[in-house]
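# Understanding the architecture of this molecule
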Number of protein chains: 2
Amino acid sequence: MDLVIGIDIGGTKTKIGLVDKEGNCLIKSNFRTREYPDLDAFLDKVKSEVDVLVGSLNLAPNILGCGIGAPNASSKRGTIENAANLLWKGTVPLLEKLKEKMPMPMRIMNDASAAALGEMLFGNGRNMTDFIVVTLGTGFGAGIVANGQLIDGYDGFAGELGHIDMTIGDGRLTGLGVPGGLEAYVSATGLKRTIMFMLSKYLDDSRFRDVSYNQLHGEDITKAAEEGDPIALKAFDFTARVMAQALANFTAFTQPEAFILMGGLTQSGKWLTDPLEKYFEEFLLDVYKGKVKIMRSGMRGKTAAICGAAALIWESHR
Amino acid sequence: MDLVIGIDIGGTKTKIGLVDKEGNCLIKSNFRTREYPDLDAFLDKVKSEVDVLVGSLNLAPNILGCGIGAPNASSKRGTIENAANLLWKGTVPLLEKLKEKMPMPMRIMNDASAAALGEMLFGNGRNMTDFIVVTLGTGFGAGIVANGQLIDGYDGFAGELGHIDMTIGDGRLTGLGVPGGLEAYVSATGLKRTIMFMLSKYLDDSRFRDVSYNQLHGEDITKAAEEGDPIALKAFDFTARVMAQALANFTAFTQPEAFILMGGLTQSGKWLTDPLEKYFEEFLLDVYKGKVKIMRSGMRGKTAAICGAAALIWESHR
């Protein structure tokens, strides 16, 4: 049976799985990325996890290769460069080093771009030639498909939209120090920051008057909105408005048929998407109105990142 | 000799020429677009101009087809839709109608996208797979090439970047009523508006204190900058700064190797490009710094639009 190894390297966890050609993840495991500050030790851990996964299958798989999704990865150079949420600093030649330990066809890509490739092969992008995947987690990521191809960029760093300048009023800084950057507003972290801002701006009573920033969790904000908490509702409305403006601007770029949303913040469901869809249609130029869909990922949440990474290899086998 | 008809339909002039496979425009003519408010009469005029051009050549050309560049053109539907600067309103099925009069292979495209195809085949884009052409005329247009292909969009309307929302302070309206839209700042018209703004903001002496908005011409602003006029210098600096911010944001989208500038505003030369390059490097994310060039068009100014249109047909003959 032909299988591909999919690896998603995240700031918190590294997830590994074996994925078949339909995008099913047959078996998976994960470990904490930060327990391996030494790159060589990390790669040894990856290899041993892969060996365990392959060995535990009740069949002799034919491994076609290994796809890797990671933040700040350059597909063209096989590197991870200056990733804010990883411990390895500077330019990390990850592909070259891992190939030494596991010689096989291997590709690495920005995690959001890998997610876009996953949607293209296995998810809601299957019948679309032009779409944009937006990942709303700790940060804001984007994977762009146009003309039926993933847009890589000259140097493999296309789609770094979390740091584009939205120049909104007070101009919050992103993790890279960009004032007014998009992900300072539109991400799980951005929503938390907006709760703080709304507590500063309004005097409404709110359950969040008794909660510290560090205690604040995304699920609690959704729950508060369900209970009609005015601060939570204002925060979702504001987040949706900024996001709608950004997506309307992105539409003018490649004119996608759809935006496909994934990541933790999308679990807020209608509290985000209802105002988002309203504002989005308002912001769109007339020529685009009614033509651009906003949809949720078509991939199962827990293995989407693994399957996206595996898609890097499956792409050339179909 | 194989030749292609290139037609550039502009708000002011319609230009027609015959273009060889090297991108040389052998012969050309033009007429005023607005003298033909009736579409049918316009198309008859186009056909008669083409017949005159073909007849005046000292050889029997083999016409491969006809490429057309026009504002608000949808490549996928062959239409011009709601073009602010043309007299034909609503959705104009231009390709279908012109084909009835001149049966031959024919394509139409947004003028800035046609310009990008022209640069790809004949100009400075010849050795690049990822670049963006920016046209700075009455408005702001963009043609995007990524992965060696022109980005068309789901519906043929990619690259309408003149109306993305820059949300700057006072939020000038574009011709489509978008507040804070890019081309309200960065275009020949935008520069004129900025002169007015600087006259309102500062009390510096300036030659423009005696000039009305309607009397104000782009060349005069360049001349004033050369003479050290403080209002002109402030206006160029402001325009360059807004443009730099926009180009830095665009870089995060497709990560082009270069931006290629063309159009009337580029004739301001260093008064625009010197501050533009300075601010652009400042605004770029670290991961892009030093990697993105800003260059002038590689095509001869007067026939660039015609050759860009002809590139729509030449593209499939190479």
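First, a word on what this report is: a plain description of the structure on this page. Nothing here was measured: the structure is a model prediction, and the numbers come from that model. (Residues numbered from 1 in each chain as written. Chains lettered and ligands numbered in written order. Predicted model: local features only at pLDDT ≥ 70, side-chain atom pairs only at ≥ 80, totals over all residues. Heavy atoms only, no water.)

The strands making up a sheet associate through hydrogen bonds between their backbones, and the pairing can be parallel or antiparallel. All names here are of chain A. Ordered by their spatial adjacency, three strands build an open sheet running β5-β6-β7, and the pairing between neighbours is antiparallel. In this open sheet, the two strands that pair with only one neighbour each are β5 (73-74) and β7 (91-92). Bridging between strand β6 (residues 79-81) and β7 involves two bridges; their strand directions are antiparallel. Residue pairing for β7: isoleucine 80 is matched across the bridge by valine 92. (Pairing = 2+ DSSP bridges. Helix = DSSP H or I, 4+ residues; strand = E, 2+ residues; numbered from the N terminus.)

On the surface, a cluster of nonpolar side chains totalling about 250 Å² of accessible area is made up of A:Met1, A:Leu26 and A:Leu59. Position of A:Leu59 among the secondary structure elements: in the loop between α1 (39-55) and β4 (62-70). (Patch = residues over 30% accessible without salt bridge, like charges linked within 9 Å, V, L, I, M, F, W, Y side chains within 5 Å. Areas by Shrake-Rupley, 256 points an atom, 1.4 Å probe, with all protein chains shown as cover. Salt bridge = Lys/Arg side-chain N within 4 Å of Asp/Glu carboxyl O.)

Here we come to the interface of chain A and chain B. Contacts between the two partners involve 42 residues from chain A and, on the opposite side, 42 residues from chain B. Across the chain A to chain B interface the summed buried area is about 3,400 Å²; carbon plus sulfur atoms make up 56%. Seen at the junction of chain A and chain B, the total is two salt bridges. A:Lys291 is the salt-bridge partner of B:Asp155, the closest N and O atoms lying 2.5 Å from each other. On the surface where chain A and chain B come into contact, there are 22 residue pairs in polar contact (both at pLDDT 80 or more). Looking at the side of chain A that touches chain B, the elements with two or more residues in it are β10 (140-146), β11 (149-150) and α6 (230-254) of chain A. Looking at the side of chain A that touches chain B, the element that brings in the most residues is α6(A), giving six residues. Its residues assigned to classes, the side of chain A that touches chain B comprises 21 nonpolar, 11 polar and 10 charged. (Contact = heavy atoms within 4.5 Å. Buried area = accessible area lost by both parts, 1.4 Å probe. Polar contact = N/O pair within 3.5 Å; in protein donor to acceptor, adjacent residues only side chain to side chain. Nonpolar A, V, L, I, M, F, W, Y, C, P; charged D, E, K, R; others polar.)

The next point concerns the environment of B:Glu22. Residue and element names in this part refer to chain B. As for its position among the elements, glutamate 22 is in the loop between β2 (13-19) and β3 (25-32). A residue is classified by how much of its surface remains accessible, and glutamate 22, at 54% relative accessible area, is exposed. Residues glutamate 22 and alanine 114, 92 residues apart in the sequence, show an inter-C-alpha distance of 16 Å. (Buried < 20%, exposed > 50% of the residue type's maximum accessible area, 1.4 Å probe, protein only.)

Right, let's talk about the relation of the copies chain A and chain B for a bit. Screw-axis analysis of chain A against chain B gives a translation of 0.0 Å along the axis, an RMSD of 0.0 Å, and a rotation angle of 180°. Taken together, the rotation angle and the small translation identify this as a two-fold axis. (Least-squares fit on C-alpha atoms with pLDDT ≥ 70 in both.)

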